[in-house]
Amino acid sequence: MKPGIHPPYEPVVFRDKAGGFAFLTRSTATSDKTVEWEDGATYPVIDVEISSASHPFYTGQARVLDTAGRVEKFEKRYGRGTGAGAGRRREGR
């Protein structure tokens, strides 16, 4: 790598505000806020809205969408067919 053109890659704490979960990793992101970590050292902290600790997909609370019901509702409303405008009725021609 070319020296002097890359941002510093240093330890940073990412803290999930919703889940109360934090982890220490290395990143080029930085912050003015700091936090004392479990090892006694002080690191910059970046608060995030959502992480794997609070995201519904990872916590098992994700909703299952009823796509079959939506398709049936669409077909009932607009008809079933192939091609553009297959469900429309042409009257007066």
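As a reminder, the structure under discussion sits directly above these lines.
A word on the overall build of the protein chain
Consideration 1: Looking only at helices and strands, the protein chain features two helices and four strands.
Consideration 2: When burial is assessed residue by residue, the protein chain has 11% of its 93 residues classed as buried.
Consideration 3: Considering only intrachain contacts with a sequence separation of at least 6, the fraction spanning at least 24 residues in the protein chain is 33%.

A word on the sheet that holds strand β3 (residues 34-36)
Consideration 1: The four strands are arranged β2-β1-β4-β3 in an open sheet whose pairing can be described as mixed. Both outer strands of the open sheet, β2 (21-27) and β3, are each paired with one neighbouring strand and no more. Going across the sheet, the axis of each strand differs from the next one's by a mean of 45°, ignoring polarity.
Consideration 2: Note that strand β1 (residues 10-16) and β2 share seven bridges and pair antiparallel. Residue pairing for β2: P11 is matched across the bridge by R26.

Section: the environment of D39
Consideration 1: Residue placement: D39 occurs in the loop between β3 and β4 (42-48).
Consideration 2: A polar side-chain atom of D39 sits 3.0 Å from the main-chain amide nitrogen of A41.
Consideration 3: Looking at D39, its side chain comes within polar contact range of the side chain of Y43, at 2.8 Å.

Remarks on the pairing of β1
Consideration 1: Summarising the sheet, β1 and β4 pair through four bridges and their orientation is parallel. Looking at β4, one finds that D16 is bridged to V48.

What to know about the pattern of salt bridges
Consideration 1: Within this structure, the stated rule accounts for two salt bridges.
Consideration 2: Notably, a salt bridge pairs D47 with R15, separated by 2.7 Å at the nearest N-O pair. Of the two residues, D47 sits in strand β4 while R15 sits in strand β1, which places them 32 residues apart along the sequence.
Consideration 3: Owing to a relative accessible area of 26%, D47 belongs among the partly exposed residues under this scheme.
Consideration 4: Residue class for R15 comes out partly exposed when judged on its relative accessible area of 30%.
Consideration 5: Residue K33 is joined to D47 by a salt bridge in which the shortest nitrogen-to-oxygen separation is 2.8 Å. Highlighted residues: K33 in the loop between β2 and β3 and D47 in strand β4, separated in sequence by 14 residues.
Consideration 6: Each of R15, K33 and D47 takes part in salt bridges that share partners, so that together they form one network.

Cut-offs applied
- Throughout this document, residue positions are counted from 1 along each chain, in the order its sequence is written.
- Owing to the predicted nature of the model, reporting of local features is limited to residues with pLDDT of at least 70; listing and counting of side-chain atom pairs is limited to 80 or more, with chain, interface and lining totals taken over all residues.
- Based on all heavy atoms of the structure, the side-chain values leave hydrogens and waters out of the count.
- Counting from the N terminus, the helices are DSSP H or I runs at least four residues long and the strands are E runs at least two residues long.
- Exposed residues in this analysis have more than 50% of their type's maximum accessible area, buried residues have under 20%, and partly exposed residues fall in between, with area computed by a 1.4 Å probe over protein chains only.
- Contacts: residue pairs with any heavy atoms within 4.5 Å of one another.
- Here, strands pair whenever DSSP counts at least two bridges between them.
- To get an axis, a line is fitted to the C-alpha atoms, and for a helix only the part in contact is used. The angle between two axes follows their N-to-C directions and goes from 0 to 180 degrees.
- In the analysis that follows, any N or O atom pair within 3.5 Å is treated as a polar contact, provided that within protein one partner can donate a hydrogen and the other can accept it, and provided that, for residues neighboring in sequence, both atoms belong to side chains.
- One side-chain nitrogen of Lys or Arg within 4 Å of one carboxyl oxygen of Asp or Glu is enough to make a salt bridge.

Keep in mind that these numbers describe shape and distance, not what the molecule does.
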